[in-house]
Amino acid sequence: MLKYIPNALTIIRFLLIPIIIFYIFTGNYILAFIFFTISGITDIADGFIARKFNLISNFGKLMDPLADKLTQIATLTCLVITNIIPIWILIIVLLKEFIMIVGASFLYGKDVVVYSRWYRKTRDCIILYCNCTLSFKRPIPISLFLE
């Protein structure tokens, strides 16, 4: 039973994405923030349980980072569409993800294991902070960033 918990938490994160999107588009940023936070907590719990009890699976290795990336990109895309953040923030995140995918493709098939580091979690906290801070403010006119 315990061995399925990390994968179940990952699936929950996928299921939270449309809920977060819905609340952003309806302007209910507090509920969007709450579900985004729940997603982040399940991410931390998933990784902790998988490592602590040696429940690492191939499904988790693939789907856990995918859930993270989809949550971040979906949230940022919604914030761009609703004019809360400028598009260049989304472009930077998309470029970073593209570079990481290209880098991972070079490492595929080699005996190289890339582990999550403390600075990745710090980055995730900063992204969460920025999403929350920007979500509670009025939309930022994109023209301010183009001048």
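Structure first, text after, so check above.
Residues numbered from 1 in each chain as written. Predicted model: local features only at pLDDT ≥ 70, side-chain atom pairs only at ≥ 80, totals over all residues. Heavy atoms only, no water.

Participant: Which residues make up helix α2 (residues 29-52), and what are the values?
Facilitator: For α2, which comprises 24 residues, the first-to-last C-alpha distance of 34 Å matches the rise-based estimate of 34 Å (1.5 Å per residue) to within 8%. Three or more residues of α2 are buried, namely Ala 32, Phe 36, Ser 39, Thr 42, Asp 43, Asp 46, Gly 47, Ile 49 and Ala 50. Just past α2, the residue Asn 54 takes up positive phi, approximately 50°. (Helix = DSSP H or I, 4+ residues; strand = E, 2+ residues; numbered from the N terminus. Expected span 1.5 Å × (residues − 1). Buried < 20%, exposed > 50% of the residue type's maximum accessible area, 1.4 Å probe, protein only.)

Participant: Help me get a handle on the packing of aromatic side chains, residues and values and all.
Facilitator: Aromatic ring pairs are defined here through the distance separating the ring centres and the angle between the ring planes. All chains considered together, the criterion is met by two aromatic pairs. Seen in terms of ring centroids, Phe 22 and Tyr 23 are 5.1 Å apart; in terms of plane orientation they differ by 70°. Their pairing is edge-to-face. With 5.7 Å between their ring centres and 5° between their planes, Tyr 23 and Phe 35 make a pair best called stacked. With Tyr 23 in helix α1 (residues 5-25) and Phe 35 in helix α2, this residue pair connects regions lying twelve residues apart in the sequence. Taking relative accessible area as the criterion, Phe 35 reaches 21% and is therefore assigned partly exposed. (Phe/Tyr/Trp six-rings, centres within 6.5 Å; stacked < 30°, edge-to-face > 60°.)

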